[in-house]
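# Observations on the model geometry
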Amino acid sequence: MVEENKTNNMQSENISIVVRDVDFYYGLKQVLFSVTMDIPSTRVTALIGPSGCGKSTFLRTLNRMNDTIDGTKIEGTIEINGKNIYAPDTDVVQLRKKVGMVFQKSNPFPKSIFDNVAYGPRIHGMRDKSKLTEVVEMSLKRVGLWNEVSDRMNDSALGLSGGQQQRLCIARALAVEPEILLMDEPASALDPQATSTIEDLIKELRKHYTIIIVTHNMQQAARVSDYTAFFFEGKLIEYDDTKLIFTKPVKKQTEDYITGKFG
């Protein structure tokens, strides 16, 4: 973590993800510059900054989703629980099991509600129907969806409302028992009521998971996160306790962004 941004709160945390000097390139274009930060366990860390500042690219470095894009290159190290996830012997499938992802637009599969949630466990070898049923029910309960869908598990997930679909996608991510949950603007396509439901869910899930969320909504970052990182033009400008970022930022650039002078 950037040394001058380290707080007493952070020093007492268990650290889940250690990022050191990460540079990232799309072809010849560099989009992340020497990003260094420590991300604590079972906390919500929000990534904020204007469009194109690199926050979503950074988020995808944490489960190697950028590997799917031709011509990308990363330098530096990212360790999760002490292991460099870019080491040659890394099992990327297992990494993505440990580090789940929820996207901006809900993307349920054109399958039943049950099969959406059971998809991940099946991919990882779970075949026992009773165990699958137990995992699906538990995952749906964790996102507060069980009571709404328990009597229509064989119905298409595409028939759910937008907010329900996003909670279903979160349940699908939880079904493979991740330790870390990445969320790329998970409520940006939802109405205010569904957004509030997702925010309440994030607050509940942080008791059990390390959550990193990209959001353009600074009020949302202030409401749900413990720590906030401000990115600008691919650089980590400031990273601190959320309350301090929003009330006493150290960098003028951070203050200007939070007060709406740009972005």
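Relevant structure appears above.
First, a word on what this report is: a plain description of the structure on this page. Numbering of residues starts from 1 in each chain and follows the order in which that chain's sequence is written. Local features in a predicted model are, by the rule used here, given only for residues with pLDDT of at least 70; side-chain atom pairs are given and counted only at 80 or more, and totals for whole chains, interfaces and linings are based on all residues. Note: side-chain values were computed over all heavy atoms of the structure, leaving out hydrogens and water.

What the protein chain contains, in helices and strands, is 11 helices and 10 strands. For the radius of gyration, the atom set is restricted to C-alpha positions; the globular benchmark scales as 2.2 Å times the number of residues to the power 0.38. Taken over C-alpha atoms, the radius of gyration comes to 18 Å for the protein chain, in line with the 18 Å a tight globule of 263 residues would show. With respect to the principal axes defined by its C-alpha atoms, the protein chain has extents near 55 × 45 × 35 Å. When the 263 residues of the protein chain are sorted by exposure, 51% land in the buried category. As displayed, the protein chain offers around 12300 Å² of accessible surface, 47% of which is attributable to carbon and sulfur atoms. One finds the centroid of the 33 positive side-chain charges in the protein chain at a distance of 2 Å from the centroid of its 34 negative side-chain charges. Secondary structure follows DSSP: runs of H or I at least 4 residues long count as helices, runs of E at least 2 residues long count as strands, and numbering of each begins at the N terminus. Partly exposed residues are those whose accessible area sits between 20% and 50% of the maximum for their type, while under 20% is buried and over 50% is exposed, using a 1.4 Å probe and protein chains only. Calculation of accessible area relied on Shrake-Rupley with a 1.4 Å probe; when residues are assessed, cover is drawn exclusively from the protein chains displayed. Asp and Glu count as negative and Lys and Arg as positive, but His and the ends of the chain are not part of the count. Where a charge lies is defined by one atom per residue type: Lys uses NZ, Arg uses CZ, Asp uses CG and Glu uses CD.

Let's shift gears to helix α4 (residues 113–123). For α4, the set of buried residues is I113, F114, N116, V117, A118, G120 and P121. Buried-residue contacts for α4 involve α5 (129–142), α6 (146–149) and α7 (162–174). At the C-terminal side of α4, G125 shows a positive phi close to 100°. Whether two residues touch is decided by their heavy atoms; if any such pair falls within 4.5 Å, the residues are in contact.

Let's shift gears to the pattern of salt bridges. Where side chains of opposite charge bring their charged atoms close, a pairing between them can arise. By salt bridge we mean one thing: a side-chain nitrogen of Lys or Arg within 4 Å of a carboxyl oxygen of Asp or Glu. Applying the stated criterion to the full structure yields 13 salt bridges. Linking D256 and K252 is a salt bridge whose minimum nitrogen-to-oxygen distance equals 3.0 Å. Highlighted residues: D256 and K252, both in helix α11 (residues 252–258), separated by four residues, approximately one helical turn. Here the residues in one salt-bridge network are K252, D256 and K261, joined through shared partners.

The subject of this paragraph is the side chain of S106. Turning to its location among the elements, S106 is positioned in the loop between β6 (99–102) and α4. A distance of 3.3 Å separates polar atoms of two side chains, one belonging to S106 and the other to Q165. Here S106 is in contact with G162, Q165, Q166 and C169, once residues within four sequence places are set aside. For this analysis, a polar contact is any N or O atom pair within 3.5 Å, provided that within protein one partner can donate a hydrogen and the other can accept it, and provided that sequence-adjacent residues contribute only side-chain to side-chain pairs.

A few words on the environment of V214. Note that V214 resides in strand β8 (residues 210–214). For V214, a relative accessible area of 0% translates into the label buried. The contacts of V214, once residues within four sequence positions are left out, are L47, K55, S56, L59, M183, D184, E185 and P186.

Consider a sheet: its strands pair through backbone hydrogen bonds, and that pairing is either parallel or antiparallel. Read across the sheet, four strands follow the order β2-β1-β4-β5 without closing on themselves; strand pairing throughout is antiparallel. Each of the sheet's edge strands pairs with one partner strand only, and the pair in question is β2 (29–40) and β5 (83–84). A pair of strands is treated as paired once DSSP finds two or more bridges between them. For strand β4 (residues 72–80) and β5, the ladder comprises two bridges, and the chain directions are antiparallel. Its bridge partner lying in β5, I80 is registered against K83.

All right, on to the pairing of strand β7 (residues 180–184) then. The element β7 is extensively covered by neighbouring structure, given that five of its five residues are classed as buried. For β6 and β7, the ladder comprises four bridges, and the chain directions are parallel. Bridged to M101 within β7 is L182. Sheet topology places β7 next to β8; five bridges connect them, and they run parallel.

Only Phe, Tyr and Trp rings take part, Trp by its six-membered ring, and two of them pair if their centres are within 6.5 Å. Stacked means planes under 30 degrees apart, edge-to-face means over 60, and tilted covers everything else. Tallied over the entire structure, the rule returns five aromatic pairs. Between F24 and Y26, the aromatic rings sit 5.2 Å apart at their centres with planes inclined by 80°, giving edge-to-face as the arrangement. On the basis of relative accessibility, which here comes to 27%, the residue Y26 falls in the partly exposed class. By definition here, charges over rings are those cases where NZ of Lys or CZ of Arg is within 6 Å of the ring centre and within 35 degrees of the ring normal. Between the NZ or CZ atom of K73 and the centre of the ring of Y25, over which it lies, the distance is 4.7 Å. The ring of F114 is capped by K129, whose NZ or CZ atom sits 5.6 Å from the centre of that ring.

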